[in-house]
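Inside the fold
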Amino acid sequence: MFSAARVAEVRLQFETQGFVHLKSVIPPDMLNRAKTAFDVASDRHFEEWRRGAQAGTDESRFFDIPDILDQDDVFIDLVDLPTTFPLLAHLVGDDIQLNHTSARLFYPGPTFTSPFHSDLDNVLGFSHAHTLNFLVKVHYFVEDLSAERGCLAFIPGSHRYPGNYPKPKHLDETSPAVVKIVPRAGDAVIFNTHVMHMALDNKSETVRKSIIYAYSHYWMKHYSSAVPSNLERFSNNKQRKQLFGVDEPGVPHFDRRLGLNKERPTFSTLLSASKRLIKRALPKRSHVPQ
Ligand SMILES: O=C(O)CCC(=O)C(=O)O
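A brief look at the structure comes next. Note that this is a predicted model, so its numbers are computed, not measured.

Parameters and conventions
- Residues numbered from 1 in each chain as written.
- Predicted model: local features only at pLDDT ≥ 70, side-chain atom pairs only at ≥ 80, totals over all residues.
- Heavy atoms only, no water.
- Near = heavy atom within 4 Å.
- Polar contact = N/O pair within 3.5 Å; in protein donor to acceptor, adjacent residues only side chain to side chain.
- Areas by Shrake-Rupley, 256 points an atom, 1.4 Å probe, with all protein chains shown as cover.
- Helix = DSSP H or I, 4+ residues; strand = E, 2+ residues; numbered from the N terminus.
- Nonpolar A, V, L, I, M, F, W, Y, C, P; charged D, E, K, R; others polar.
- Core = buried A, V, L, I, M, F, W, Y, C linked by side-chain atoms within 4.5 Å.
- Buried < 20%, exposed > 50% of the residue type's maximum accessible area, 1.4 Å probe, protein only.
- Contact = heavy atoms within 4.5 Å.
- Pairing = 2+ DSSP bridges.
- Axes fitted to C-alpha atoms, helices over the stretch in contact; angles between N-to-C directions.
- Phe/Tyr/Trp six-rings, centres within 6.5 Å; stacked < 30°, edge-to-face > 60°.
- Lys NZ or Arg CZ within 6 Å of the ring centre and 35° of its normal.

Moving on, we come to the site of the ligand. The immediate surroundings of the ligand are formed by 13 residues, with Arg104, Lys137, His139, His197 and Arg208 found nearest. Within the side chain of His117, a nitrogen or oxygen atom sits 3.3 Å from an oxygen atom of the ligand. Interatomic distance of 2.9 Å between a side-chain N/O atom of His197 and an oxygen atom of the ligand. Relative to its unbound accessible surface of 290 Å², the ligand loses 95% to contact with the protein. Elements with a contribution of two residues or more to the shell around the ligand: strand S4 (136-141), strand S8 (197-199) and strand S9 (208-217). For the shell around the ligand, a count of residues per class yields five nonpolar, four polar and four charged.

What follows is the structure, given as structure tokens:
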């Protein structure tokens, strides 16, 4: 868990750069569980993927293990990991929900991502430069990466650009405008999905493994990969019910809250400010004797 000062520092870094690298956030016992569960789940589904990749019906450069939240409970526990979740809830807001998940194996070869891109360029209905943290992603790493093993790279501050801002041309990881992150096992890289980012080529001889969770607001439609098949077992867990998109009878989607962020809600601040204004604008009542 981070101190309040560290949380404030990380938030500042995130807001100005658009990403942050958090080291050793997965405790060692959980990391072991995650590593084993990742390999067991990928073995379980590898053949099916390999056949699809060979037939051309599946992506061949990387393999996403299906339904990761049903593969092992460690993937559920990572959804609200105590070392990262309070920060995520602060960044996205108290109405946070899991939006989609992947557990990915990126094989040696050229990158499968577009060169520096925003995930949100084609999204309508909000101001990209001003609506910060609309969709926030975490990549967790279960093994150390070398600098050649498909690392993430970012253009700091580019999350402040409007939508469809011209993409930088001929920019590679050697540019001073680019920050490349080389994580170790147990680390997390959290980023605003509007910041220009990419996975670099995997020039190593080893597959890169990562667990990717994206978070947004409760009212935004989520993907089936963000919902475990047995939701009944979370019926007494308010946080997980919200994260997995289980409706609360009588609570509108826009009003869903975890109650983690203790800051005063905007509406009450606005309400008291307008009451003060009205009071000032109205003529003072004179005490006319009857
Ligand atoms: O490294 C990856 O697996 C994908 C990187 C990316 O573009 C993303 O997560 O949006």
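If you look at the biggest cluster of nonpolar residues, it comprises 49 residues, and the most contacted ones within it are Phe75, Tyr140, Ile190, Tyr213 and Tyr215. A total of eight residues in this core trace back to one element, the largest contributor, which is helix H2 (residues 28-55). With residues near it in sequence (within four places) discarded, Ile190 still touches Phe14, Gly18, Phe19, Val20, Leu22, Thr84, Leu87, Leu88, Leu91, Val136, Lys137 and Val138. By size, the runner-up hydrophobic cluster in this structure holds 10 residues, among which are Phe19, Phe141, Cys151 and Phe154.

Time to look at the sheet that holds strand S2 (residues 62-64). If you walk across this open sheet you meet the six strands as S1-S7-S4-S9-S3-S2, and the pairing is antiparallel. Among the strands making up the open sheet, the edge pair consists of strand S1 (19-22) and S2. The mean inter-strand angle of the sheet, taken between neighbouring strand axes irrespective of direction, is 20°. One ladder, built from 10 bridges, connects strand S3 (residues 96-106) with S9; its direction is antiparallel. Bridge assignment links Ala103 to a residue of S9, and that residue is Ile211. Strand contacts of helix H1 (residues 4-17): S1, S4 and strand S7 (188-192), with the helix running at about 140° to S1, the strand carrying the most contacts.

The final tally for this structure, using the stated rule, is 15 aromatic pairs. Aromatic side chains Phe46 and Trp49 sit 5.6 Å apart centroid to centroid with 55° between the ring planes, which places their arrangement in the tilted category. Of this pair, Phe46 and Trp49 both sit in helix H2, three residues apart, roughly one helical turn. The class for Phe46 is partly exposed, based on a relative accessible area of 29%. Exposure remark for Trp49: the relative accessible area of 10% places this residue in the buried category. Directly above the aromatic system of Phe62 lies the positively charged group of Arg104, at a separation of 4.6 Å from the ring centroid.

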